[in-house]
Amino acid sequence: MIPTSGGVLKGTPTGLWIEEFAAPYYMFEEKGYEIVVASTAGGPIPIDTGSMAEPFFSETSKKLMWDPKAIDYLSHSIKLDSLSFPGDFDALFLPGGHGAAVDFVGNASLKAAIEAMFAAGKIVASVCHGPMCLIECVKPDGTPLVAGKVVTGFTDSEEDAVAKTHLVPYLIESKFKEQGAKFERADDWHPKAVADGNLITGQNPQSSEVTAELV
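Quick caveat, the model's predicted, so the values are computed rather than measured.

S.K.: If you had to explain the sheet that holds strand β9 (residues 193-196) to someone new, which residues and values would you point to?
M.R.: Here 4 strands make up an open sheet; going across it, the order is β5-β6-β10-β9 and the pairing mixed. Strand pairing shows two members of the sheet lacking a second neighbour, β5 (91-94) and β9, which therefore form its edges. Put simply, the sheet's adjacent strands are angled 10° from each other on average, direction ignored. When strand β6 (residues 123-127) meets strand β10 (residues 199-202), the two strands line up parallel, connected through 4 bridges. The partner of A125 across the bridge, within β10, is I200.

S.K.: An account of helix α5 (residues 108-119) is requested, with residue identities and associated values reported.
M.R.: Each α-helix turn comprises 3.6 residues. Residues three or four places apart therefore point the same way. Compared with an ideal rise of 1.5 Å per residue, which puts 12 residues at 16 Å, α5 spans 16 Å between its outermost C-alpha atoms and is within 8% of the ideal. For α5, the set of buried residues is L110, A113, I114, E115, M117 and F118. Against the buried residues of α5 lie β5, α4 (100-103), β6 and β10. Between the side-chain oxygen at the start of α5 and the backbone nitrogen of S109 there is a gap of 3.2 Å, and the oxygen is on N107.

S.K.: Before we move on, can you summarise helix α1 (residues 18-30) with the specific residues and values?
M.R.: In this model, α1 (13 residues) spans 18 Å end to end at C-alpha, consistent with the 18 Å of a helix rising 1.5 Å per residue. Among the 13 residues that make up α1, 10 are buried, leaving the element largely enclosed by the rest of the structure. Buried within α1 are the following residues: I18, E19, E20, F21, A22, A23, P24, Y25, Y26 and F28. Positive phi shows up at G32, right after α1, with a value of about 80°.

S.K.: Account for the packing of α1 against helix α3 (residues 68-75), with residues named and values stated.
M.R.: Any two packed helices are characterised by the angle at which their axes cross and by the distance between the axes. Where α1 meets α3, the axes come as close as 12 Å, and the angle between the chain directions of the two elements is 125°. Considering their axes alone, α1 and α3 lie oblique with respect to each other. The element α1 and its partner α3 pack so that their crossing is right-handed. Between α1 and α3, the residues in contact are I18, F21, Y25, Y26 and E29 and K69, A70, Y73 and L74, respectively. By residue class, the composition of the contact of α1 with α3 is 7 nonpolar, no polar and 2 charged.

S.K.: A description of the packing of aromatic side chains should follow, citing residues and the corresponding values.
M.R.: Per the stated rule, a full pass over the model turns up 8 aromatic pairs. Measuring from centroid to centroid gives 5.5 Å for F28 and F93, while their planes differ by 75°, and the two rings are edge-to-face. With F28 in helix α1 and F93 in strand β5, this pair connects stretches of sequence that are 65 residues apart. Following the ring pairs from residue to residue traces out a cluster consisting of F21, Y25, Y26 and Y73.

S.K.: Tell me about the pattern of salt bridges, and please be specific about residues and values.
M.R.: Summed over the entire model, instances satisfying the criterion amount to 11 salt bridges. Here E173 ties to R185 by a salt bridge, and the two come within 3.9 Å at their closest N and O atoms. Of this pair, E173 sits in helix α7 (residues 172-178) while R185 sits in the loop between β8 (182-183) and β9, and the two are 12 residues apart along the sequence. For E173, a relative accessible area of 8% corresponds to the buried category. One connected set of salt bridges, linked through shared partners, spans E173, K177, R185 and D188.

Procedures and definitions
- Residues numbered from 1 in each chain as written.
- Predicted model: local features only at pLDDT ≥ 70, side-chain atom pairs only at ≥ 80, totals over all residues.
- Heavy atoms only, no water.
- Pairing = 2+ DSSP bridges.
- Helix = DSSP H or I, 4+ residues; strand = E, 2+ residues; numbered from the N terminus.
- Axes fitted to C-alpha atoms, helices over the stretch in contact; angles between N-to-C directions.
- Expected span 1.5 Å × (residues − 1).
- Buried < 20%, exposed > 50% of the residue type's maximum accessible area, 1.4 Å probe, protein only.
- Contact = heavy atoms within 4.5 Å.
- Polar contact = N/O pair within 3.5 Å; in protein donor to acceptor, adjacent residues only side chain to side chain.
- Parallel < 35°, antiparallel > 145°, perpendicular 65-115°, else oblique.
- Left-handed = near helix turned anticlockwise from the far one by under 90°.
- Nonpolar A, V, L, I, M, F, W, Y, C, P; charged D, E, K, R; others polar.
- Phe/Tyr/Trp six-rings, centres within 6.5 Å; stacked < 30°, edge-to-face > 60°.
- Salt bridge = Lys/Arg side-chain N within 4 Å of Asp/Glu carboxyl O.

Below you can see the structure in the form of C-alpha cells.
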C-alpha cells in the first residue's frame with residue numbers, strides 16, 4: 001500500500017484521504033495478506049483533516065485511528081526507493097487524497113515501481129486521486145500505460161465540485177481520455193471500480209471498498 005507523502009498542495013494543507021486507506025487495509029488484513037506500507041518520502045503519512053470530519057469519518061477510519069499496528073504503519077512508512085519491484089509483491093494499492101497531486105506525479109521511484117509491477121503482470125490498483133500516479137507511466141512498448149485500457153478515477157465534475165480544479169496538475173478524467181483510455185464513471189460520489197487485466201481503478205472515496213474487492 002502506497003499512501004501519499006504530499007501534505008501541502010500549492011499552499012493548501014492536504015494528505016491521504018483516510019477512508020481510502022482504512023477500508024482496503026482491513027479488507028486485505030482479513031484475507032491474511034502481508035501488508036507493507038511504503039511512501040515516496042518514507043516516515044509519517046500526512047492525513048487530510050477533511051477526511052476525519054463528519055460525515056466523511058467512517059467507522060473503519062475511526063477503527064484505524066485506534067489501531068496501534070495500523071498507526072505504526074502510517075507513522076513509519078518505508079521509503080519506496082528502498083524496495084525493489086516486482087520482487088515478492090503481488091499487488092500495489094495506491095489510495096488517494098489530494099496529496100497524490102503532489103507526489104504521485106514527477107516521481108521516478110513511483111513510476112518505476114508501477115511500470116515494473118504492471119509489466120510483470122502483477123496487480124496495480126488505485127482509487128480516487130491515486131490514479132494520477134498512472135498518467136506518467138508507460139507500457140513496455142512506450143505507449144501510455146492507460147492507453148486502450150478501461151479505467152476510472154476522480155472525475156472532472158467531482159474535482160469541480162470540491163473547487164480544486166485550479167490546484168491539481170492534471171484532471172484525471174480528461175488526461176486519461178487524452179491518453180487513449182476508455183474512461184468509465186458512475187454519477188458523482190457513487191461507487192465505481194473497474195478492472196482491465198491487472199490494472200484496477202476506483203472513482204472516488206465511495207469506491208475504496210469496491211476497488212479493494214477487485215484486488
